[in-house]
Amino acid sequence: MEKAPFIERKKDRYRLGGEAVPLGEGFYLLKAPLPVVVYAEVSLPQRAEVLLYPPLMLFRE
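An account of the accompanying structure is given in this report. No experiment lies behind these values; they were computed from the predicted model shown. (Residues numbered from 1 in each chain as written. Predicted model: local features only at pLDDT ≥ 70, side-chain atom pairs only at ≥ 80, totals over all residues. Heavy atoms only, no water.)

### Observations concerning the overall build of the protein chain
And then number 1: Across its full length, the protein chain carries 0 helices and 5 strands.
And then number 2: For the protein chain, the N- to C-terminal ordering of α and β elements is β-β-β-β-β.
And then number 3: The C-alpha radius of gyration computed for the protein chain amounts to 11 Å, which stays within 12% of the reference 10 Å derived for 61 residues, consistent with globular compactness.
And then number 4: Seen along its three principal axes, the alpha-carbon backbone of the protein chain occupies a region of about 30 × 25 × 25 Å. (Helix = DSSP H or I, 4+ residues; strand = E, 2+ residues; numbered from the N terminus. Rg over C-alpha atoms; globule rule 2.2 N^0.38 Å.)

### A look at the pairing of strand 1 (residues 6-10)
And then number 1: Summarising the sheet, strand 1 and strand 2 (residues 13-24) pair through 5 bridges and their orientation is antiparallel. Across the sheet, the residue bridging to Phe6 is Gly17, located in strand 2.
And then number 2: The antiparallel hairpin formed by strand 1 and strand 2 contains 2 residues in its connecting segment, where Lys11 sits at a positive phi of about 55 degrees. (Pairing = 2+ DSSP bridges.)

### Section: the nonpolar core
And then number 1: Of all hydrophobic cores here, the largest spans 11 residues; its members are Leu16, Ala20, Tyr28, Leu30, Ala32, Val36, Val38, Ala40, Ala48, Val50 and Leu52.
And then number 2: A per-element tally of this core places strand 5 (residues 47-52) first, with 3 residues.
And then number 3: With near-sequence residues (within four places) excluded, Val50 lies in contact with Tyr14, Arg15, Leu16, Leu30 and Val38. (Core = buried A, V, L, I, M, F, W, Y, C linked by side-chain atoms within 4.5 Å. Buried < 20%, exposed > 50% of the residue type's maximum accessible area, 1.4 Å probe, protein only. Contact = heavy atoms within 4.5 Å.)

### A closer look at a nonpolar patch on the surface
And then number 1: On the surface, Ile7, Tyr14, Leu34, Leu56 and Leu58 cluster together to form a nonpolar patch covering roughly 460 Å² of accessible area.
And then number 2: Within the secondary structure, Leu34 is located in the loop between strand 3 (27-31) and strand 4 (36-39). (Patch = residues over 30% accessible without salt bridge, like charges linked within 9 Å, V, L, I, M, F, W, Y side chains within 5 Å. Areas by Shrake-Rupley, 256 points an atom, 1.4 Å probe, with all protein chains shown as cover. Salt bridge = Lys/Arg side-chain N within 4 Å of Asp/Glu carboxyl O.)

### What to know about unusual backbone geometry
And then number 1: For the peptide bond that leads from Pro54 to Pro55, omega is 0 degrees, which places it in the cis range.
And then number 2: In this model, Lys11 sits at a positive phi of 55 degrees, which is unusual for a non-glycine residue.
And then number 3: Mapped onto the elements of the fold, Lys11 is located in the loop between strand 1 and strand 2.
And then number 4: The phi torsion at Glu25 lies on the positive side, around 55 degrees, for a residue other than glycine.
And then number 5: The topology assignment puts Glu25 in the loop between strand 2 and strand 3.
And then number 6: Residue classification places Glu25 among the exposed residues on the basis of a relative accessible area of 76%.

In structure tokens, the structure reads:
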């Protein structure tokens, strides 16, 4: 069974999971409840989980 996209707050960090869409040069769009662009030095699997620590850079249109 495939796990649904999620976001959790753990003290000072966030744990996000969802589909990872490669954008090129190590960047991925993580389709979590809050879509985010992440950078990874290793290839991420199609379904990925990441931990985000502050400071976070957030941009919006």
